Amino acid sequence: MTSEPLLSDSNEKRCMISLDNTIEVCIGDFGWSQFVQAILVSLAWVFDAQQSFISVFTDALPTWHCINNNNNNNSSCQMYKNICDVPKDTWKFDLPTYTSVVSDWSLECSSSVITGLPASSFFIGCLVGGFVLCTLADSSFGRKNMLVISCLIMSITGCVTAISTNIWMYSVLRFISGFGRATIGTCSLVLSTELVGRKWRGQVGIISFVCFTFGFISLPWIAYLNKGNSWRVLYLLTCFPAVVYSIIVYFFVHESPRWLYLRGHKEEFVETLKRIANPATRRELSSSFFEALFIDLEKNMSVTASRDLDLYSAVRLLIEKGWALRRLMTLVLIGFGVGMVYYGMPLGVGDLGFDIYLSITLNAISELPSSLIAFFLIGKMNRKGSLFGFSLLSGICSVGCALVEGSEGLKWIQMGLEMVSFFSACTAFNVLLIYTLELFPTCVRNCAVSMVRQSLVVGGALSPLLVALGRNNSLFSYGVFGVCSATFGLFTVWLPETKGRLLCDTMDEEERLLEQAQVVDLK
């Protein structure tokens, strides 16, 4: 007695409706193969986090102390807190000069523009790379290849950064590193979520954020263990493993089956689905099923696919379609507000008077529960309500952090508000990216997620200026962060809910889904 084929006539008919249903039948059940793939792909976020915040340690102004040289200048040295206000022969750095870029190249009295140039160059590189590379994963290169290329650019440049001879060479290399880094998180997130069915999409996406958290947490510990050694060693410790990781991804990670199908790579599409599928499902996948799928979908998608997948056409599609542009602009504004808090808090927390290693560690630790909460609850969380709630909470606590400034007795309360604000911003960050990849079809998904990530980076790029302005009055830093986060979070009311819905693959499919939702609303 033979068992009924998995893909019977009724099942075939149902699966041919859309590529999403086909994905559900083949890889909807989460197995070990998908788990290993998700972990491998998500590990890219570890290196992404380390390079995003490494300048906090490599470019820091080292601590210093007055030295006893038996002259009157020593007593005057004790009166000043600014290293540039005292004679050079009356003070000394606590650690060797090669531990920081600032002390290594005698930049301690240079302008903030010069000392902040490497960090700014990195973020500018992220912005440029995001716009230049954002559509390549949707069009010609694919998610996997772009992930490998981006990781290699960032990591190899990081290794070369260790031999920089001056601030200008260092800044240029940081720009190139940021340029490569721009699409790592996007490609990793999109690829990992397109390798699983809709039931596990949210949880797999959150794995990426957990990896980012571990990368963030690991950085102050690596920096602390490297304390007293050259800042160049820190770059090698964080970048060389990323080179090895890129090679592993190239040989062991599968390309997105959705992207393979839309690009016409039929044989690779079928082979990828069979490799990822559970053994029981794999044995029952018939070649006739895939043939029927290709015939049915080619009739509906041949015109749109060829038009939608030209190089850089994803940007054009997002601009031409009114609904897509409205969604994108709304998400970009929300991302800008969240990004100001997310990137600004770690930069400004040092002004609260805590040890830099402790401060960054506390912020990193507060990000971990946000990732875990999102991991376990993303399947139950409404995207709109969660994004709005966490953006608002982050804004309120950030403003509160500014309002309690000045009282020594409220110092720990201020730190607590800062951690809650950062925790909320982290959770909003996670939900925002999951929400974005669900709001856009496969043909433009990577581009849309990349643009939203760039809005987060734009908010982060403005944060150092606000932190500098807020050193005497936190309303200019934490206050502005909070107002932007809460205000832009209100824009979620114009977005549709995506919890549990199908992932569309073409703009036409998304428009049909939108029309159906409008009909339901009218009823």
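What counts as what
Residues numbered from 1 in each chain as written. Predicted model: local features only at pLDDT ≥ 70, side-chain atom pairs only at ≥ 80, totals over all residues. Heavy atoms only, no water. UniProt positions renumbered as here; feature names shortened; annotations may be inferred. Helix = DSSP H or I, 4+ residues; strand = E, 2+ residues; numbered from the N terminus. Buried < 20%, exposed > 50% of the residue type's maximum accessible area, 1.4 Å probe, protein only. Contact = heavy atoms within 4.5 Å. Axes fitted to C-alpha atoms, helices over the stretch in contact; angles between N-to-C directions. Parallel < 35°, antiparallel > 145°, perpendicular 65-115°, else oblique. Left-handed = near helix turned anticlockwise from the far one by under 90°. Phe/Tyr/Trp six-rings, centres within 6.5 Å; stacked < 30°, edge-to-face > 60°. Lys NZ or Arg CZ within 6 Å of the ring centre and 35° of its normal. Salt bridge = Lys/Arg side-chain N within 4 Å of Asp/Glu carboxyl O. Arc of directions from axis to C-beta. Core = buried A, V, L, I, M, F, W, Y, C linked by side-chain atoms within 4.5 Å. Patch = residues over 30% accessible without salt bridge, like charges linked within 9 Å, V, L, I, M, F, W, Y side chains within 5 Å. Areas by Shrake-Rupley, 256 points an atom, 1.4 Å probe, with all protein chains shown as cover. Expected span 1.5 Å × (residues − 1). Polar contact = N/O pair within 3.5 Å; in protein donor to acceptor, adjacent residues only side chain to side chain. pLDDT = per-residue confidence, 0-100. Nonpolar A, V, L, I, M, F, W, Y, C, P; charged D, E, K, R; others polar.

If you check an unreviewed UniProt entry, the protein chain appears there as Major facilitator superfamily (MFS) profile domain-containing protein from Solanum tuberosum. In its Sequence similarities (unreviewed entry) section, the UniProt record describing the protein chain reads: "Belongs to the major facilitator superfamily. Phosphate:H(+) symporter (TC 2.A.1.9) family." Within the UniProt record for the protein chain, the comment given under Catalytic activity (unreviewed entry) is "phosphate(in) + H(+)(in) = phosphate(out) + H(+)(out)".

Enquirer: Looking at this structure, how should I read the overall build of the protein chain?
Expert: Of the regular secondary structure elements, the protein chain holds 26 helices and two strands. Burial analysis of the protein chain (523 residues in total) assigns 56% to the buried set. Sequence separation of 24 or more characterises 83% of the internal contacts of the protein chain that already satisfy a separation of 6 or more.

Enquirer: Can you help me understand the packing of helix α22 (residues 383-403) against helix α23 (residues 411-439) in this one?
Expert: Working note: a packed helix pair is described by the angle between its axes plus the distance between those axes. For the pair α22 and α23, interaxial distance at closest approach is 8 Å and the crossing angle is 155°. Considering their axes alone, α22 and α23 lie roughly antiparallel with respect to each other. The crossing of α22 and α23 is left-handed.

Enquirer: I would appreciate a short explanation of the packing of aromatic side chains in the present structure.
Expert: Here a ring pair, both rings aromatic, is described through the centre-centre distance and the interplanar angle of the planes. Evaluation of the coordinates by the stated rule reveals 27 aromatic pairs. For the pair Phe53 and Phe212, a centre-to-centre distance of 6.4 Å together with 70° between the ring planes defines the contact as edge-to-face. You can see Phe53 sitting in helix α4 (residues 44-53) and its partner Phe212 sitting in helix α13 (residues 198-225), a full 159 residues away along the chain. You'll find Phe53 and Phe212 in the same group, each marked buried. Just above the ring of Tyr250 sits the side chain of Lys144; from NZ or CZ to the centre is 5.4 Å. Lying over the aromatic face of Trp45, Arg453 brings its terminal NZ or CZ to 4.9 Å of the ring centre.

Enquirer: In this structure, what is going on with the side chain of Glu108? I would like to understand it.
Expert: Summarising the element assignment, Glu108 is placed in the loop between α7 (101-104) and α8 (112-115). Of the residues examined, Glu108 reaches a relative accessible area of 14% and is grouped as buried.

Enquirer: Which parts of the structure should I look at to understand the pattern of salt bridges?
Expert: Pairing between side chains of opposite charge can happen when their charged atoms approach one another. Taken as a whole and judged by the stated rule, the model has 10 salt bridges. Two residues, Asp48 and Arg453, come together in a salt bridge whose shortest N-O distance is 3.4 Å. With a gap of 405 residues between them, Asp48 in helix α4 and Arg453 in helix α24 (residues 442-469) connect regions that are remote in the sequence. The exposure classification of Asp48 matches that of Arg453, with both residues buried. Where Glu511 meets Lys321, a salt bridge forms, and the shortest distance between an N and an O atom there is 3.1 Å.

Enquirer: Just to check I follow, could you spell out unusual backbone geometry for this structure?
Expert: Most peptide bonds take the trans configuration, and most residues that are not glycine carry a negative phi. Unusually for a residue other than glycine, Ser106 sits at a positive phi of about 55°. The class for Ser106 is exposed, based on a relative accessible area of 51%.

Enquirer: Quick question: what am I supposed to make of helix α16 (residues 266-276) here?
Expert: For an α-helix, the turn length of 3.6 residues means that residues three or four places apart are oriented alike. Taken as a whole, α16 has its buried residues at Phe269, Val270, Thr272, Leu273 and Ile276. An end-on view of α16 places all buried positions within 160° of arc, on one side of the element.

Enquirer: Help me understand the nonpolar core in this model?
Expert: The nonpolar side chains of a soluble globular protein tend to be buried with one another. Leu318, Leu433 and Phe440 are the most contacted members of the largest nonpolar core, which has 93 residues in total. Here the element with the most residues in this core is α23; it accounts for 13 residues. Apart from residues no more than four positions distant in its own chain, Leu318 is found in contact with Ala324, Leu325, Leu328, Phe440, Val444, Cys447, Ala448 and Met451. Listed in part, the 32 residues of the second largest apolar core include Ile23, Cys187, Leu195 and Phe269.

Enquirer: Quick question: what am I supposed to make of a nonpolar patch on the surface here?
Expert: A contiguous nonpolar patch, built from Phe240, Val244, Ile247, Ile248, Tyr250, Phe251 and Phe252 and spanning about 730 Å² of accessible area, is present on the exposed surface. As for its position among the elements, Ile247 is in helix α14 (residues 231-252).

Enquirer: Mind showing me how you'd approach the environment of Leu152 here?
Expert: The residue Leu152 is located in helix α10 (residues 143-161) in this model. Spatially, the C-alpha atoms of Leu152 and Gly180 are 7.7 Å apart, while their sequence positions differ by 28 residues. With sequence-adjacent residues up to four places away left out, Leu152 is seen in contact with Thr157, Val243 and Ser246.

Enquirer: How should α14 be read in this particular structure?
Expert: In this model α14 runs 33 Å from its N-terminal to its C-terminal C-alpha over 22 residues, within 8% of the 32 Å that 1.5 Å per residue would give. For α14, every residue scored as buried is listed here: Trp231, Leu234, Tyr235, Thr238, Cys239, Ala242, Val243, Tyr245, Ser246 and Val249. Two or three places before Arg232, at the opening of α14, Ser230 has a side-chain oxygen 3.1 Å from that residue's backbone nitrogen.

Enquirer: Could you clarify how one ought to interpret the environment of Val249 in this entry?
Expert: In this structure, Val249 sits in helix α14. What makes Val249 buried here is its relative accessible area of 1%. For the pair Val249 and Leu147, spaced 102 residues apart in sequence, the C-alpha to C-alpha distance is 8.5 Å. In this view, Val249 contacts Leu40, Lys144, Leu147 and Val148; residues no more than four positions away in its chain are not counted.

Enquirer: How should I be thinking about the side chain of Arg445 in this particular structure?
Expert: Relative to the elements of secondary structure, Arg445 occurs in helix α24. Residue Arg445 is classed as buried on the basis of its relative accessible area, which comes to 0%. Here Phe440 takes part through its backbone oxygen, which lies 3.1 Å from a polar atom of the side chain of Arg445. Non-local contacts of Arg445, meaning those with residues more than four positions away in its chain, are made with Asp138, Arg143, Val190, Glu194, Arg258, Leu437, Phe440, Leu503 and Cys504.

Enquirer: Any chance you could explain the confidence of the model for the protein chain here in plain terms?
Expert: When pLDDT drops low, the exact placement of atoms in the prediction is not to be read closely. For the protein chain, per-residue confidence averages 80 on the pLDDT scale, and 81% of positions sit at 70 or higher. Confidence drops under pLDDT 50 across residues 1-17; counting only partners more than four residues distant or on other chains, this segment forms 28 contacts. Throughout residues 302-309 the model reports pLDDT below 50, and contacts reaching past four residues in sequence, or to other chains, amount to 18 contacts.

Enquirer: When you look at the packing of helix α3 (residues 32-42) against α14 in this model, what are you seeing that I'm missing?
Expert: Interhelical geometry of α3 versus α14 gives an angle of 145° and a closest axis separation of 10 Å. Seen from above, α3 lies across α14 with left-handed handedness. For the pair α3 and α14, the contacting residues are Gln37, Leu40 and Val41 in the first and Tyr245, Ile248, Val249 and Phe252 in the second. Per-class residue counts for the contact of α3 with α14 are six nonpolar, one polar and no charged.

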